[in-house]
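Observations on the model geometry
Here's the letter readout for the chains.
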Amino acid sequence: MAEVAYVNASRVYPGSPPVRAVDELKLDVADGEFLVLVGPSGSGKSTALRMLAGLEDVDEGAIEIGGKDVTNVPPKGRDIAMVFQSYALYPHMTVGENMGFALKLRGVSKPDIKAKVAEAAKMLDLEKYLDRKPKALSGGQRQRVAMGRAIVREPSVFLMDEPLSNLDAKLRVETRANIAALQRRLGTTTIYVTHDQVEAMTMGHRVAVLKDGLLQQCDTPRALYETPANAFVAAFIGSPGMNLKTVPLTAAGAQLDGLEVPLPRTTLDKVGADGLKEVTFGVRPESLGLVGAGEDGMELTVELVEELGADAYVYGSVRIADQPERFIVRVDGRTPPALGQTVRVGLRDHSEIHLFNPETGARIEG
Amino acid sequence: MSLDAASIKATENAAIAKPTGHVKRSRLASFGLHGALTVASLIAVFPVFWVFITSLKPDAKAAETTPTLFNESSFDNYANVLAGEKGAFLSWFANSAVIAILTTVISVFLSATAAYAVSRFRFPGYRGMMLSFLLIQMFPFAVLIVPLYNILLMLGLQGTSFGLVLVYCTTAVPFCAYMLKGYFDTIPRDIDEAGRIDGLSPFSVFWRLVLPLSKPGVAVTAFYAFLTAWGEVAFASAFLSASDESKTLAVGLQVFVQQNRTEWGHLAAASILVAIPAVIVFYLVQKFLVAGLASGAVKG
């Protein structure tokens, strides 16, 4: 077990101009921590993980595992285990051989390998399949073998590259919980890459959000959700995403159609000091709700209703400065409005709003 | 809607009635299909069968105006050929075997390592190398005989079996490398990377993971390399010394075809004997052949 550190590590692909796939990543992962790297495709999250694995060069900066600089150490010298998206099981070996291969290469005695494989197989409910080849297994079983192969080695760091993306939705939720529980039990430092923000939020102790090779924010899931550092994180975390609109400022607050959202004096002062005439206003779907005719609100024309059972998400448009702007509102699943209907939408609580600088995207603290 | 026994029963019946994917052929179609296949098989097998029939007849009776199945047939031709009455057949056989096996081993080893390099790494000269592999295939053998002869002479290998092996490798290696590159490309890189993380060196990734997974591709290329050397005439007759003992089978067979007379019976018997090792090699690799040739069409 060990802590992991990216020390301003960059991966630059040659070309004109050169592509900075990972740009001066600075990240410290504590011993035993479960850290999730999340971002859209092309954000550099997989590259960052592969740099840690030694499968990708580090062009600038350094990478440390357990306080030791491993920037130029080949993968086999880093004491890591990796679970691939495709699982990358060895097709010509049985499940047992797959799991014990790394130990065999290290020269561990046969009875010891057998005992360790049996132990891991028991943990993952694979005992019945040890003599089968990977092609005779289902997707979920293969995924477990890939996990088993990593566990058997007892590495100091687990690396997982989207290990759940080839599973069906139900199995994914189940396996998600199993991996999180397993990590808690083993207490091994784990770096987990995913593009699925739900996975990120539910599994990680901390979540690092990347975009275009740059670290946007790294914090606990709750902190990411409640105080996103910029508009990108705000939009990326949460499903469906936050409503983000650039709206004009008035003397007392932000102006949305018929709804004027009052802002605290301190916030207004700060915005005024920056000379901003507009602000990017963000509000999560659950912070909006249907209100009566007399209350403060905006007129929303319903365009789509997603019924999820307990809740329903209403997608509709509001006219802001004569432009139709799309909003998503969470409403009670039992009484959703009809398509084409015009409803009145108001804020649940004036504190549940987020403000960002429309130019830089940075959060404006209120 | 409530679930009652009747609706459960109906669901079960529907499940049973589901088509199994096996389409029943009509009797006529079945007859036509088998008929066509039988005719095609006969056409393919007949020449081989006729060579065998001919090999049993004495030379004088082998080519007749009104062909008969048997005419003083016996295995005498085989006995004569094997006894070396018409030439050092067993020496030819040994020469061919050594040359073909050496060609197979060397070209499979060279082409597999080269193909792995071009499949997995990008290095300066990569495109040039692949292009030159293709370019070599463009030249007819006849064009190459003179330059290759000069090179062998310079190396002092003219007239030796090893010289001929090298010549065969020049044609087999590029083709095999191209073929194996295609095969290695279908093996996911993730497997290489998993191996490296598990503790393999780059060469052991190739040796312990990629090569065992490429058995079908390696079998096909080995078969190709073997055939390149086994049945070749032009290079063998140009580059081996003229003495009878140093000939290969394909060259040696020419003794049965003389200016005014062809010993059909003996030629046919020798041909059958020549074909046997090729058939054995084919038999050994045939289960890989289909998989090897079809690979790349669908990602496995």
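Summary of the structure given here. (Residues numbered from 1 in each chain as written. Chains lettered and ligands numbered in written order. Predicted model: local features only at pLDDT ≥ 70, side-chain atom pairs only at ≥ 80, totals over all residues. Heavy atoms only, no water.)

Concerning the overall build of chain B
Assigned secondary structure in chain B consists of 14 helices and zero strands. Along its sequence from the N terminus, chain B presents helices and strands in the succession α-α-α-α-α-α-α-α-α-α-α-α-α-α. Buried positions account for 38% of the 300 residues belonging to chain B. Once local pairs closer than 6 in sequence are excluded, the contacts in chain B between residues at least 24 apart make up 71%. (Helix = DSSP H or I, 4+ residues; strand = E, 2+ residues; numbered from the N terminus. Buried < 20%, exposed > 50% of the residue type's maximum accessible area, 1.4 Å probe, protein only. Contact = heavy atoms within 4.5 Å.)

Topic: the packing of aromatic side chains
Scanning all chains against the criterion turns up 21 aromatic pairs over all chains. Pairing F46 of chain B with W50 of chain B gives two aromatic rings, centres 5.8 Å apart and planes at 20 degrees, and the pair type is stacked. Placement of the pair is F46 of chain B and W50 of chain B together in helix α2 (residues 27–55), with a separation of four residues, close to one helical turn. The class for F46 of chain B is partly exposed, based on a relative accessible area of 46%. For the pair F203 of chain B and F206 of chain B, a centre-to-centre distance of 5.9 Å together with 55 degrees between the ring planes defines the contact as tilted. Remark: F206 of chain B and F203 of chain B occur in helix α10 (residues 202–213); sequence separation between them is three residues, near one turn of the helix. When its relative accessible area of 48% is taken as the criterion, F203 of chain B is described as partly exposed. The ring centre of Y90 of chain A lies 4.8 Å from the NZ or CZ of R149 of chain A, which sits over that ring. (Phe/Tyr/Trp six-rings, centres within 6.5 Å; stacked < 30°, edge-to-face > 60°. Lys NZ or Arg CZ within 6 Å of the ring centre and 35° of its normal.)

Looking at a nonpolar patch on the surface
Residue and element names in this part refer to chain B. A surface patch of nonpolar side chains, about 500 Å² in accessible area, is lined by V45, F46, F49, L69 and F70. Position of F70 among the secondary structure elements: in the loop between α3 (59–62) and α4 (76–83). Its relative accessible area of 55% is what places F70 among the exposed residues. (Patch = residues over 30% accessible without salt bridge, like charges linked within 9 Å, V, L, I, M, F, W, Y side chains within 5 Å. Areas by Shrake-Rupley, 256 points an atom, 1.4 Å probe, with all protein chains shown as cover. Salt bridge = Lys/Arg side-chain N within 4 Å of Asp/Glu carboxyl O.)

A few points about the interface of chain A and chain B
Often the size quoted for an interface is simply the accessible area lost on bringing the parts together. Taken residue by residue, the interface counts 23 residues in chain A and 15 residues in chain B. Interface area for chain A against chain B, summed over the two sides, is near 1,700 Å², with a carbon-plus-sulfur share of 62%. At the boundary of chain A and chain B, one finds two salt bridges. Ionic pairing is found between R153 of chain A and D198 of chain B, a salt bridge with its closest N-O pair at 3.6 Å. Seen at the junction of chain A and chain B, the total is seven residue pairs in polar contact (both at pLDDT 80 or more). Elements with a contribution of two residues or more to the side of chain A that touches chain B: α1 (45–53), β6 (80–83) and α2 (95–105) of chain A. Of all the elements, α2 of chain A adds the most residues to the side of chain A that touches chain B, at four residues. (Buried area = accessible area lost by both parts, 1.4 Å probe. Polar contact = N/O pair within 3.5 Å; in protein donor to acceptor, adjacent residues only side chain to side chain.)

A closer look at the sheet that holds strand β1 (residues 4–13) of chain A
Residue and element names in this part refer to chain A. Taken together, the four strands give an open sheet; going across it, the order is β2-β1-β4-β5, and neighbouring strands pair in antiparallel fashion. Edge strands, defined here as strands with exactly one partner in the open sheet, are β2 (19–29) and β5 (68–69). In terms of strand pairing, β1 meets β2 through seven bridges, oriented antiparallel. Looking at β2, one finds that Y6 is bridged to L27. Strand contacts of α1: β1, β2 and β4 (60–65), with the helix running at about 115 degrees to β1, the strand carrying the most contacts. (Pairing = 2+ DSSP bridges. Axes fitted to C-alpha atoms, helices over the stretch in contact; angles between N-to-C directions.)

Description of helix α11 (residues 215–230) of chain B
Because an α-helix completes one turn every 3.6 residues, residues spaced three or four positions apart along the sequence face the same direction. With 16 residues, α11 of chain B ought to run about 22 Å at 1.5 Å a step, and its terminal C-alpha atoms sit 22 Å apart, in line with that. Buried residues dominate α11 of chain B, accounting for 13 of its 16 residues. (Expected span 1.5 Å × (residues − 1).)

Quick word on the pairing of strand β10 (residues 214–219) of chain A
Residues and elements named next belong to chain A. Relative to β10, strand β9 (residues 206–211) is paired through five bridges, and the arrangement is antiparallel. Bridged to V209 within β10 is Q217. Linkage of β9 to β10, two consecutive antiparallel strands, is achieved through a turn of two residues, within which D212 is found at a positive phi near 50 degrees.

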